[in-house]
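Residue strings, one per chain:
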Amino acid sequence: MTVNDIITEFGAYYLRSGQNANRIKQLLLQPSVTPSYMTPIKTDDTIFQMAKSSISSVVQGFQKAWTPKGETKFTPNKIESFHLKVDVEEYPDDLEATWLGFLASNSVNRKEWPFVKWLIEVHIIPKIKEDMELYEYGLGVHEEPTAGTPNAVGKNLNGLKKLIQVGVDNTQNPMNHVSDIGALDADTIFDQVEAFVDKISDVYQTKKMNVFVPYKFMRAYLRDKRSQGFYNLTGDKQIDNSIDFTPQQVVGLPSLNGETFMFATPKENMFHITKKSANMTNFKIEESKRQVFIMSDWWEGIGFGINDAVWTTLPKTT
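Keep in mind that what you see is a predicted model, and the values were worked out from it rather than measured.

Novice: Which parts of the structure should I look at to understand the overall build of the protein?
Specialist: In terms of regular secondary structure, the protein is built from 7 helices and 12 strands. Against the globule reference of 20 Å for 318 residues, the protein gives a C-alpha radius of gyration of 26 Å, more extended than a compact globule. Out of the 318 residues belonging to the protein, those deemed buried represent 39%. By sequence separation, contacts in the protein at least 24 residues apart represent 73% of the contacts at least 6 residues apart. Surface accessibility of the protein: about 18800 Å² in total, with carbon and sulfur atoms responsible for 51%. With 34 positive and 39 negative side-chain charges, the protein shows a separation of 4 Å between the mean positions of the two kinds.

Written out as structure tokens, the structure reads:
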């Protein structure tokens, strides 16, 4: 930990003068959003195996002869989960002779000091959620870690963009690529969303679905919708994220910030796979020679059940 500025400003000593944890302020962290729009699957499997079933046409004109028609087909699919962890180590003694000394304790066991509980609740758990939302769920590209070196954030699981890119590039079982919408534009997002929804297959046109966009384009959609002048409105709260004349709605994802594509799929086709998910908020605490070690690990992955039920404007790899 770094407490140099505290020591410089307040001195290398502790005076009990009423300070407490309420005087330690933090910037707002991004909460987890993306998994709430997925179907949760808790499993002990590290690879969640699925299959798509289909059958060819079965209806035919009547005749007395037996004329079988209709072939059932099964196509395999799998969603991979990735082993994630948290390893944090600190010397709580660094706090004792500073203004932050109220986070220390007379206990000889440093792992029992108030600092440890405060660190987990105030920083570690919220930071896990922010790391996953801003860097993994949307834009993550998995890389195997180098031995002895922690992976950089954003390289720990395959996120939505990676999965969709693989899907649209798949020549055997592709996702539906809508090619004539172009990159999202805040000035034309309303028309782009309507044109995109029109390209969804007729069967799914009546299916309730979310059209996912980077979060800033969600606000742009509402503004552009307001600017169309089609509605008699008394305030902005009357403008919602629905897509006119459809059961679909626009949803902004912080996990896609910085991107300019959108995609749509039913909730039951987008999965959030977890194993030992309780460990995202449960930690093992160890102590050795006055140093405290905070650790946890779990498995997590996201994916789609059927590629044919995903539509996107993400361009194919050239």
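Novice: Where do I start with the side chain of T265 in this structure?
Specialist: When you line up the elements, T265 lands in strand 8 (residues 263-265). A polar side-chain atom of T265 sits 2.9 Å from a polar atom in the side chain of N269. At 2.6 Å, the side chain of T265 forms a polar contact with the backbone oxygen of A309. Among residues more than four places away in sequence, those in contact with T265 are M209, N210, M270, F304, A309 and V310.

Novice: What is the right way to read the packing of helix 5 (residues 189-198) against helix 7 (residues 215-227) from this model?
Specialist: Describing two packed helices takes the angle between their axes plus the distance from one axis to the other. Look at helix 5 against helix 7: their axes get within 8 Å of each other, and the N-to-C directions meet at 100°. Classified by the angle their axes make, helix 5 and helix 7 are roughly perpendicular. Along the contact surface, helix 5 presents I189, F190, D191 and V193, while helix 7 presents F217, A220, Y221, D224 and K225. Considering only residue class, the contact of helix 5 with helix 7 consists of 6 nonpolar, no polar and 3 charged.

Novice: When you look at the packing of aromatic side chains in this model, what are you seeing that I'm missing?
Specialist: We describe a pair of aromatic rings using the distance from one ring centre to the other and the angle between the two ring planes. Under the definition given, this model contains 8 aromatic pairs. Centroid distance Y37 to F212: 5.8 Å. Interplanar angle 70°. Geometry classified as edge-to-face. Of this pair, Y37 sits in the loop between helix 1 (4-10) and strand 1 (39-42) while F212 sits in strand 6 (residues 210-214); the two residues are 175 residues apart in sequence, bridging distant segments of the chain. The exposure class of F212 is buried, given its relative accessible area of 1%. Judged by centre distance (6.0 Å) and plane angle (85°), the ring pair of F263 and F304 falls under edge-to-face. Of this pair, F263 sits in strand 8 while F304 sits in strand 11 (residues 291-304), and the two are 41 residues apart along the sequence. For the pair F263 and F304, a shared accessibility class is recorded, and that class is buried. Aromatic ring contacts, followed pair by pair, group Y37, F212, F263 and F304 into a single cluster.

Novice: Can you help me understand helix 4 (residues 160-169) in this one?
Specialist: Counting along an α-helix, one turn takes 3.6 residues, and residues three or four places apart therefore face a common direction. Listed as buried for helix 4 are L160, I164, Q165, G167 and V168. Buried residues along helix 4 cover an arc of 160° about the axis, so they all sit on one side. The elements touched by buried residues of helix 4 are strand 5 (176-177), strand 7 (249-253), strand 8, strand 9 (270-275), strand 11 and strand 12 (311-312).

Novice: I would appreciate a short explanation of a nonpolar patch on the surface in the present structure.
Specialist: Together, I55, V58 and V59 make up a nonpolar patch on the protein surface, roughly 300 Å² of accessible area in all. Following the sequence through the fold, I55 ends up in strand 2 (residues 47-55).

Novice: When you look at unusual backbone geometry in this model, what are you seeing that I'm missing?
Specialist: Most peptide bonds take the trans configuration, and most residues that are not glycine carry a negative phi. A positive phi angle, close to 65°, is found at F245, a residue other than glycine. Inspection of the secondary structure assignment puts F245 in the loop between helix 7 and strand 7. F245 sits in the exposed class, given a relative accessible area of 85%. Positive phi is not limited to glycine here, since K289 has a value of about 50°.

Novice: When you look at the environment of V193 in this model, what are you seeing that I'm missing?
Specialist: Here V193 is to be found in helix 5. Residues V193 and P214, 21 residues apart in the sequence, show an inter-C-alpha distance of 13 Å. If we ignore the near neighbours within four places in the chain, the residues touching V193 are Y221, I243, V250 and M262.

Conventions adopted
Residues numbered from 1 in each chain as written. Predicted model: local features only at pLDDT ≥ 70, side-chain atom pairs only at ≥ 80, totals over all residues. Heavy atoms only, no water. Helix = DSSP H or I, 4+ residues; strand = E, 2+ residues; numbered from the N terminus. Rg over C-alpha atoms; globule rule 2.2 N^0.38 Å. Buried < 20%, exposed > 50% of the residue type's maximum accessible area, 1.4 Å probe, protein only. Contact = heavy atoms within 4.5 Å. Areas by Shrake-Rupley, 256 points an atom, 1.4 Å probe, with all protein chains shown as cover. Lys, Arg positive; Asp, Glu negative; His and termini not counted. Charge placed at Lys NZ, Arg CZ, Asp CG, Glu CD. Polar contact = N/O pair within 3.5 Å; in protein donor to acceptor, adjacent residues only side chain to side chain. Axes fitted to C-alpha atoms, helices over the stretch in contact; angles between N-to-C directions. Parallel < 35°, antiparallel > 145°, perpendicular 65-115°, else oblique. Nonpolar A, V, L, I, M, F, W, Y, C, P; charged D, E, K, R; others polar. Phe/Tyr/Trp six-rings, centres within 6.5 Å; stacked < 30°, edge-to-face > 60°. Arc of directions from axis to C-beta. Patch = residues over 30% accessible without salt bridge, like charges linked within 9 Å, V, L, I, M, F, W, Y side chains within 5 Å. Salt bridge = Lys/Arg side-chain N within 4 Å of Asp/Glu carboxyl O.

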